[in-house]
Amino acid sequence: ETPVDETPKFDVVEHVYEGAKSAWAFGKGIIVFKPFMGVAEGAATKVLSITTGISTLEDADKQIKCTLAGVDKEFIDPAILKLWSALEPVIGKGDEVLKTVLGFVTTKVPLLKAKEEVVTETPSPAVEVKKQSDEVVAPEITTPAVVA
């Protein structure tokens, strides 16, 4: 049997990149931005072609995804795992910590104190309005006749 690597993968940077691409695609769908987005894509393609030799945005996308996967694997995922291992003991006692913090905050901040009187009944209106019809009732307005 081969050992299974059970290290969680978060792919944070890749998700952010995909979100940015989605926002760009959404922006291209808005008619006001469409011409500017096309010009920006053309300029980006030209710059990539000159500086890196990548001729299309699709090729650039593949290259970027490979690089981002490495960043996630080498830096971001281990950082998240270290942070999680540091926070896990505190989160394990989360209920106790939360109750302590909330108890402290509610006693020190007057606006957050619980109200002792709670009204359970909705008071009835003092004046009842009868509905006469579904039509709007408005007075007739006419202009006075001009007498010469």
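This text goes with the structure placed above it.
Residues numbered from 1 in each chain as written. Predicted model: local features only at pLDDT ≥ 70, side-chain atom pairs only at ≥ 80, totals over all residues. Heavy atoms only, no water.

Participant: Looking at this model, I keep getting lost on the packing of helix H1 (residues 12–29) against helix H2 (residues 34–51). Mind explaining?
Facilitator: Helix-helix packing is characterised by the crossing angle of the two axes and by the distance between the axes. H2 packs onto H1 with a crossing angle of 130 degrees between their chain directions and a minimal axis gap of 7 Å. With respect to H2, the element H1 is oriented oblique. Facing H1, whose interface residues are Trp-24, Gly-27 and Lys-28, H2 presents Lys-34, Met-37, Ala-40 and Glu-41. Its residues assigned to classes, the contact of H1 with H2 comprises three nonpolar, one polar and three charged. (Axes fitted to C-alpha atoms, helices over the stretch in contact; angles between N-to-C directions. Helix = DSSP H or I, 4+ residues; strand = E, 2+ residues; numbered from the N terminus. Parallel < 35°, antiparallel > 145°, perpendicular 65-115°, else oblique. Contact = heavy atoms within 4.5 Å. Nonpolar A, V, L, I, M, F, W, Y, C, P; charged D, E, K, R; others polar.)

Participant: Where do I start with the pattern of salt bridges in this structure?
Facilitator: Any two side chains of opposite charge can pair, on the condition that their charged atoms come close. Per the counting criterion, the structure on display carries five salt bridges. Residue Lys-28 is joined to Glu-41 by a salt bridge in which the shortest nitrogen-to-oxygen separation is 3.3 Å. Taken together, the residues Lys-28 in helix H1 and Glu-41 in helix H2 connect sequence positions 13 residues apart. Overall, Lys-28 belongs to the partly exposed group, its relative accessible area being 31%. Residues participating in the shared-partner salt-bridge network are Glu-18, Lys-21, Asp-61 and Lys-65. (Salt bridge = Lys/Arg side-chain N within 4 Å of Asp/Glu carboxyl O. Buried < 20%, exposed > 50% of the residue type's maximum accessible area, 1.4 Å probe, protein only.)

Participant: Which parts of the structure should I look at to understand a nonpolar patch on the surface?
Facilitator: On the surface, Phe-26, Ile-30, Ile-31, Val-32, Phe-33 and Phe-36 cluster together into a nonpolar patch covering about 690 Å² of accessible area. Its place among the elements puts Val-32 in the loop between H1 and H2. (Patch = residues over 30% accessible without salt bridge, like charges linked within 9 Å, V, L, I, M, F, W, Y side chains within 5 Å. Areas by Shrake-Rupley, 256 points an atom, 1.4 Å probe, with all protein chains shown as cover.)

Participant: What am I meant to see in the side chain of Asp-77 here?
Facilitator: As for its placement among the helices and strands, Asp-77 is situated in helix H3 (residues 57–92). Buried charge Asp-77 goes without a salt bridge, the closest partner of opposite sign being Lys-9 at 7.3 Å. Setting aside residues up to four positions removed in sequence, Asp-77 forms contacts with Pro-8, Lys-9, Phe-10, Asp-11 and Asp-72. (Lys, Arg positive; Asp, Glu negative; His and termini not counted.)

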